[in-house]
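Coordinate analysis (summary)
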Amino acid sequence: MLCTRLSSAKKAISSKTLRAFSTKAPVVPRIVDRRINETGPGGRASDAGLKVAVFGATGLLGRYVCCHLGTNGYMTYIGGRGDDMEMRFLRPMFELGRSKFSFYSPRDRDSMSEVIADADVVINLIGKYYETKALADTPKFPYFEYKKNFTYKETNVDIAKTIAELCTEMQVDNLIHVSSLNASPESNSEWARTKYEGEMAVKDAFPWATIIRPAQMFGPEDRFLNWFANAARMFPAVPLIDGGHALTQPVYAVNVADVISKVVDAPEKFEGRTIDCFGPSDYTYKELSSFVYDITTQDPNVVDVPKEVAMMTSKGMQYMGNPMMTPDFVELWSEDFIPPMTTEEYESQPVKNKIFTMEDLGIEAVPIEKVAFNYLHRFRTGGHFSMAAGYH
């Protein structure tokens, strides 16, 4: 195994591709491919000569983006809304002194500008699949109410617009904005509609921004495949909205981070461009539930639930601290979440306004079956050790 890894590393180092990340070989520091004026031996211990500011670094995608930035020696400014300890897991991804953590409030432009500082590239990864709520006092009975902390519009439109405006005012060279493959003004999901509005707001404030549009992402920390396994633990029955017949084409979160790394390496090549990120195959949610339970060996009662019934149930569940279902979740999972074009249509686009895919950037999409077992087997009774003799 060690010999194989060393062999892969040598091939990666000898490659002339500019600081590219392979989905097949381990991510290793690039020794010979250095930027002009870069100091150090290359990779993590170097100064890549570029400063990057990241908003939304603690999410599913953000942690992998930070890992790639740290591995390749970028000075990274990371903005956070909470206690500094909430982001401590990001610190080992960077060489000492190659990261700076700053507090900001999305409603305070000055604090956001302090995160950006003198960055050359800004990456906006901020997003939320549900509107956060908190109890607030009221003068009348029942003397309290649930007050929304950040709405979809604030999260997906207002904050994105503010970041784009600050990038223009502060003369930042490049902005990378992460939207969604399902962003559409015609969607029944408010989340998807506001994602589209956020795209338009960013393009209006910073026309040369690079837009990344991923499909639903899977990975160890996802709210996608893990949802099925957690639902089997928590609910007496696992609901499939409208029979789970809607299609989705999920993409590996690390692949999306690879795309962002490619853009950071050569941002001028992708100015004003859109990059769609999706996996190699599409599935129905029913197929995904069977796939997950085949791995976890769970045997839940999977029930086909009409959308109207799921909507009624979700209206009560949305008040949970970390809700498993919300009304907007029901809307989103009842619609197809797939690329807007076929492979042939992507390839036949005019070069001038071409929407790129991961294939155009030389990134091979990792299929879901290559990764899912690694983090879903923990839901098995006894873990994967229960499948082998001698561990009982």
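Structural notes, computed from the coordinates. These numbers come from a predicted model, not from an experiment.

Conventions and cut-offs
- Residues numbered from 1 in each chain as written.
- Predicted model: local features only at pLDDT ≥ 70, side-chain atom pairs only at ≥ 80, totals over all residues.
- Heavy atoms only, no water.
- Salt bridge = Lys/Arg side-chain N within 4 Å of Asp/Glu carboxyl O.
- Helix = DSSP H or I, 4+ residues; strand = E, 2+ residues; numbered from the N terminus.
- Buried < 20%, exposed > 50% of the residue type's maximum accessible area, 1.4 Å probe, protein only.
- Contact = heavy atoms within 4.5 Å.
- Patch = residues over 30% accessible without salt bridge, like charges linked within 9 Å, V, L, I, M, F, W, Y side chains within 5 Å.
- Areas by Shrake-Rupley, 256 points an atom, 1.4 Å probe, with all protein chains shown as cover.
- Lys, Arg positive; Asp, Glu negative; His and termini not counted.
- Charge placed at Lys NZ, Arg CZ, Asp CG, Glu CD.
- Polar contact = N/O pair within 3.5 Å; in protein donor to acceptor, adjacent residues only side chain to side chain.
- Pairing = 2+ DSSP bridges.
- Right-handed = clockwise from strand over helix to strand, strands pointing away.

Turning next to the pattern of salt bridges. As enumerated under the stated definition, the model contains 11 salt bridges in all. Between Lys148 and Glu131 there is a salt bridge; the shortest N-O distance is 2.8 Å. Here Glu131 lies in the loop between strand 4 (121-124) and strand 5 (132-137) and Lys148 lies in strand 6 (residues 144-150), a separation of 17 residues in the sequence. The class for Lys148 is partly exposed, based on a relative accessible area of 42%. Residue Glu131 is classed as buried on the basis of its relative accessible area, which comes to 9%. Here the salt bridges do not stand alone but share partners, grouping Arg109, Glu165 and Glu169 into one network.

Most of helix 6 (residues 225-234) sits out of view: seven of its 10 residues are buried. All buried positions along helix 6 are accounted for by Leu225, Asn226, Trp227, Phe228, Ala229, Ala231 and Ala232. In this fold, the buried residues of helix 6 make contact with strand 9 (217-218), strand 10 (238-241), helix 8 (285-296), helix 10 (327-333) and helix 12 (372-376).

Another point: a negative patch on the surface. Taken together, Glu344, Glu345, Glu347 and Glu359 make up a surface patch of like negative charges. Checked against the element boundaries, Glu347 lands in helix 11 (residues 343-347). Take Glu347: its relative accessible area is 53%, and that puts it in the exposed class.

Positionally, Thr138 belongs in the loop between strand 5 and strand 6. According to the relative accessible area criterion, Thr138 is buried, its value standing at 19%. One polar contact links the side chain of Thr138 to the main-chain carbonyl oxygen of Lys140, over a distance of 3.1 Å. Polar contacts involving the side chain of Thr138 include one to the main-chain amide nitrogen of Phe144, which spans 3.1 Å. Setting aside residues no more than four positions away along its own chain, Thr138 makes contact with Tyr143, Phe144 and Glu145.

On a regular strand, one side chain projects to one face of the sheet and the next to the other, so that they alternate. By the criterion of burial, strand 7 (residues 174-178) is predominantly enclosed, with five of the five residues buried. Sheet analysis places strand 4 next to strand 7, joined by four bridges and oriented parallel. Paired with Val121 across the two strands is Asn174, which belongs to strand 7. Both strand 7 and strand 8 (residues 210-214) contribute to a ladder of three bridges, which runs parallel. Each bridged residue has a counterpart across the sheet, and for His177 the counterpart in strand 8 is Ile211. For the segment spanning strand 7, helix 5 (residues 190-205) and strand 8, crossover handedness is right-handed.

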